[in-house]
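Coordinate analysis (summary)
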Amino acid sequence: MKRKTVGKVLSQKCLAPGIYDLEIATCLASDAAAGQFVGVYTKDASALLPRPISICGVSDDRKSIRLVYRIAGKGTDEFSRLKEGDEVTLLGVLGNGYDLDKIKSLGNNDTPVRALLLGGGIGVPPMLELSRELAAAGVKVISVMGYRNSDTFLLDEFKKYSDTYVASEDGSVGTKGNVLDAVRENTIEFDCICACGPLPMLRAIKEFAGGKPAFISLEERMACGVGACLGCVVKTRDIDHHSHVNNARICTDGPVFEASEVEI
Amino acid sequence: MINTQVTIAGVTFKNPVMEGSGTFGSGMEYSEFVDLNRLGAVVTKGVANVPWPGNPTPRVCEVYGGMLNAIGLQNPGIEVFCERDLPFLSKYDTKVIVNVCGRSVEDYVEVVERLSDEPRADMLEINVSCPNVKEGAIAFGTDPAALSNITKEIKAHTKKPVIMKLTPNVTNIAEMARVAEEAGADAISLINTITGMKIDIERRRFALANKTGGMSGPAIKPIAVRMVYQASHAVKIPVIGMGGIATAEDAIEFMMAGATAVSVGMMNFVNPYATAECVDGIEKFLESHGIADINELIGCV
């Protein structure tokens, strides 16, 4: 069930310049999953709309969620100053995450499914929870994370759940280039792709995937976050079930879509 | 026993709290947050004769104390609406006001006629005020002759009560209200959004793909209160007031300005419980101020 609720900050730390790691105790953790997001409210009455931030982690006791975000404006700047014990208002849990059952069904009984996780920049955080959930479900996880430079936030944590590779734009760590350059350089084999990152990266992944399923998480300016305002749409291959005009709502029909279903 | 009922064009609402068209879908998305039975009415998202795809993205952006939107009236068309949305709303004990949009008078008439046989549509609200589409909508709402003509045409094709939803993007709101009344409108609702623009100075680009968008939210409330006051004092037909309502206090302010009913718009996005909280808050206000009938508030200033 979706709700607007007040959570309590358990901790916050800076992972890299402009990148923050916020742990919040909230009832929303009870049914949060990889690929879903929450709306985070500012305390500034001039900045009213909830900021959509993807879930980077759910605690084992399902009592807290972890948000890793980049400062992108005055809302996220305010969030970066939250301290342990502060209250923070959330709307959630929003959106459909990655379909674990579908990913599991891609394999056969003999060998586990190989899921290639691609995260770029601030698209890295949701991949961490996904890698954890997939590994727990018996899926073979290969993570390839892309960064601008050597600020490889969260990278070490992926190693717990996956074979981990890295790409950096400036070549300071791993493959010089983007995540697909790293996939090619390491001749990584896979059965499906799960990805989150900037649109050009997702477009390239859609093309790269060939016939294999690619589940990509999309981003768009949002208002309500619950599917009512029709602000955050993406063109779809097929007629959408809501408006019947080939426009899916990213907040509720997504944010995770099979790449072949969306026109990006 | 305090009376919270209000009546508009012969339709009695259990309370004056509705929501602004386009901010609540057909109620489905917010039924997870709010018991729709508590609302005076559900006002549905604008529906046209055929599906409309709406505008390119980005369609929304935040501005100081509000937002801009240029959705462009994406909707599934009247057939899907009648097959899916009206039956959904039939489950609830609330009035249903169907918002109608179109590019031409004929488009509007087609929708209005289709709804004439739908018992679940209690009233029709005619969108002649959306600023985000190139044809229709606001083109009818900013020209007195066009407003008069479309109001008459719609009244000639339906027996259901007709609300004309007016735009604030005019010089004289009182005149537009009078034109709607003289052409036969049973009620008017205002304000729709105020045309605005935002520029991303880092990218040197418009924040919205449509360049302009309609502004809504608490920042526009004083403009809306003023216009509701002016319009309601220019006509005898009831006025449904909206524009930045967030709380029961805001709703009461609109009623004192002259509104018979009120709509929560953009603030649904900020607080999905806003409509129900307005209902509760209005009841508390009446009780604490010893007011026996909510109708005493209407236009009391």
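Residues numbered from 1 in each chain as written. Chains lettered and ligands numbered in written order. Predicted model: local features only at pLDDT ≥ 70, side-chain atom pairs only at ≥ 80, totals over all residues.

Observations concerning the pairing of strand β5 (residues 60-63) of chain B
Residue and element names in this part refer to chain B.
- By the alternation rule, side chains of β5 split into V60 and E62 and C61 and V63, which are all buried.
- As paired elements, β5 and strand β6 (residues 66-69) share four bridges and run antiparallel to each other. If you follow C61 over to β6, its bridge partner there is L68. (Buried ≥ 20, exposed ≤ 12 C-beta atoms within 10 Å, placed from the backbone. Helix = DSSP H or I, 4+ residues; strand = E, 2+ residues; numbered from the N terminus. Pairing = 2+ DSSP bridges.)

Looking at unusual backbone geometry
- Omega for the peptide link from T57 of chain B to P58 of chain B comes to -5°, which places this bond in the cis form.
- Mapped onto the secondary structure, P58 of chain B falls in the loop between β4 (41-43) and β5.
- Of note, the bond from L190 of chain B into I191 of chain B is cis; its omega dihedral lies within 30 degrees of zero at 10°.
- Residue placement: I191 of chain B occurs in the loop between β10 (187-190) and β11 (194-197).
- Phi at L154 of chain A is positive, roughly 75°, even though this residue is not glycine.

Observations regarding the sheet that holds strand β16 (residues 256-258) of chain A
Residue and element names in this part refer to chain A.
- With mixed pairing, seven strands are arranged side by side in an open sheet as β11-β10-β9-β8-β12-β13-β16. For this open sheet the edge positions go to β11 (175-176) and β16, each flanked by a neighbour on one side alone.
- Where strand β13 (residues 214-217) lies against β16, three bridges are found, and the strand directions are antiparallel. Following the sheet pairing, S217 is matched in β16 by V256.
- Packed onto the sheet, helix α3 (residues 124-136) meets β8 (114-120), β9 (140-147), β12 (192-196) and β13 and runs at close to 170° relative to β9.
- Helix α6 (residues 199-208) rests against β8, β12 and β13 of the sheet, and its axis sits at about 170° to β13. (Contact = placed C-beta atoms within 7 Å. Axes fitted to C-alpha atoms, helices over the stretch in contact; angles between N-to-C directions.)

A few points about the interface of chain B and chain A
- Listed as interface residues are 34 residues of chain B and, on the opposing side, 22 residues of chain A.
- Looking at the side of chain B that touches chain A, the elements with two or more residues in it are β5, β6 and α8 (267-270) of chain B.
- When the residues that make up the side of chain B that touches chain A are grouped by side-chain class, the tally is 18 nonpolar, 12 polar and four charged. (Nonpolar A, V, L, I, M, F, W, Y, C, P; charged D, E, K, R; others polar.)

Here's the deal with the domain arrangement of chain A
Residues and elements named next belong to chain A.
- Splitting chain A by domain gives domain 1 (3-94) and domain 2 (100-217).
- With 15 residues of domain 1 at the interface, the matching set in domain 2 holds 11 residues.
- Looking at the side of domain 1 that touches domain 2, the elements with two or more residues in it are β1 (3-16), β5 (57-58) and β6 (64-70).
- Per-element tally for the side of domain 1 that touches domain 2: the top contributor is β6, with three residues.
- Residue composition of the side of domain 1 that touches domain 2, grouped by class: 11 nonpolar, three polar and one charged. (Domains from an automatic or database assignment.)

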